[in-house]
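Observations on the three-dimensional arrangement
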Amino acid sequence: MGYHWNHGFHLRREHIFSAVLLASTSLILLGLLEVALRLLYGTGFPITVSAPAYHLDGEEGLRLNAGMVRTFKRDIWNGGQTIIWKTNSAGYRGPELMPEREYRIALFGDSNIQAEFSQLENTYAMVLQRTLQERTGRIIEVVNAGTVGAGPDQNLSRMSRELPVLRPQLVILHVFADNDFGDLVRNALFSTDSGGSLVRTSRQFERDQAFDVADKRHTFALMQFASNLQTFLHAQRPSKAPQTPAEFIALKLKKCALEFETYQSLIAGKNVATVSVLDDHYDYDLALYPELQSSRTKVKLMEGVLRRAKQIANANGVALVLLIEPSVRDLSDNNLITPRVLRAYSSHYRQDGLTSIVRDISIRNQIDFLNLFPFFAARAPLLYFRGEDDHWNDDGQ
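Residues numbered from 1 in each chain as written. Predicted model: local features only at pLDDT ≥ 70, side-chain atom pairs only at ≥ 80, totals over all residues. Heavy atoms only, no water.

Notes on the sheet that holds strand β11 (residues 368–371)
Within the open sheet, the 5 strands sit side by side as β6-β5-β7-β10-β11. Their pairing is parallel. Edge positions in the open sheet fall to β6 (140–146) and β11, since each of these has one partner strand only. The mean inter-strand angle of the sheet, taken between neighbouring strand axes irrespective of direction, is 20°. Sheet topology places strand β7 (residues 170–177) next to strand β10 (residues 319–326); 8 bridges connect them, and they run parallel. The partner of H174 across the bridge, within β10, is L323. Helix-sheet contacts for helix α3 (residues 124–136) involve β5 (103–109), β6, β7 and β10, and the interaxial angle to β6 is about 165°. Packing against the sheet, helix α4 (residues 152–166) makes contact with β5, β6 and β7, and its axis sits at approximately 165° to β5. (Pairing = 2+ DSSP bridges. Helix = DSSP H or I, 4+ residues; strand = E, 2+ residues; numbered from the N terminus. Axes fitted to C-alpha atoms, helices over the stretch in contact; angles between N-to-C directions. Contact = heavy atoms within 4.5 Å.)

Some points on the confidence of the model for the protein
In the predicted model, the protein carries a mean pLDDT of 86, and the fraction of residues at 70 or more is 79%. Contacts of residues 42–50 to residues separated by more than four positions or lying in other chains number 20 contacts, the stretch itself having pLDDT below 50. (pLDDT = per-residue confidence, 0-100.)

Here's the deal with empty space enclosed by the protein
Any empty space left between the atoms is revealed when a probe the size of a water molecule rolls over them. Under the counting rule described, the total for this entry stands at 1 cavity of 30 Å³ or more. The volume enclosed by the largest cavity comes to roughly 30 Å³. When contributions to the lining of the largest cavity are tallied by element, the ones reaching two or more residues are β2 (61–64) and β6. The element that contributes the greatest number of residues to the lining of the largest cavity is β6, accounting for 3 residues. For the lining of the largest cavity, the class distribution of residues is 3 nonpolar, 4 polar and 2 charged. (1 Å grid on protein atoms, 1.4 Å probe; cavity = no way out; pocket = protein on both sides within 12 Å on 5 of 7 lines; lining within 4 Å. Points joined across faces, edges and corners; volume = space filled by probe spheres on them. Nonpolar A, V, L, I, M, F, W, Y, C, P; charged D, E, K, R; others polar.)

Written as structure tokens, this is what we have:
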């Protein structure tokens, strides 16, 4: 009996020793792999995450959190650089606000203005600040109030809240003539009355999957690598995606119709599933068929929003200028959807159609503006990122 007991004891001890050795070896290998990934990708992997980059505001959607550091990795065909970007203690991208300055500009806009894809010195806000300081010799500050996913309607709420605090001499409102008309429908924050004035709906932003994706990060490089690998493998799976530009446009037009149907239900007070406010896309209905009800509604909403923006600026004693940025789809032949494709799809299409609508609204309402379309038209391929990234690049800014 003693022999069998000792034999069983030794076997169990050997099994325990083997298990401990295997676990230890695995941990060491995982540790080495973690170190190797961090050395290989550097700051491309966030090593520590103290807080999310964004928080959700019921009135405004996504808002940047204050005092945090994040990284952005450009696609390889756009240089592959890793961009480190930060917010100050007030929640704006860039350095702390100047306690002493001679002139302040508040710049509101979307991801083109926040520009997480560019180093700070190459963002439009900093280029504008540096240029004005050099040309005037004055201490001029440009506050970058851009936030990813923000539409002009969301910026109305921000202007009301922040202009009394920032007390700028000038406010620039960036309008992206690509998806900003659609933002007004997807957000469903406003309708218009018979006189074209804005009427606030009861819509409040609620968290959806897109908000989680906007700040999806992992503490460990291994976890981030696994997440990236999963995304890559998912993208390699056979899909039923359209193979031609015409099929792609047809799907987008259906999406525009669904978004408008949802908008009508929301302003009627119905409880319906909403579309993601971060699922931005080119305004195909307005660009191709301006007489559609959805297209006419988008124009009415945009005019109401810009008119209200002027009223808010006037109430705060601030000058207002609109910065109208054209879409790369209306300028360049380097993308899937090009002016030639859009023109072939609909005889109503005009390259400057979307920017001209904003321009005409500005003229009717005596709002100062800068329309970038004429300046960008001759240089378009050099001013935007390559691929399906529709943001302006460093040269564009």
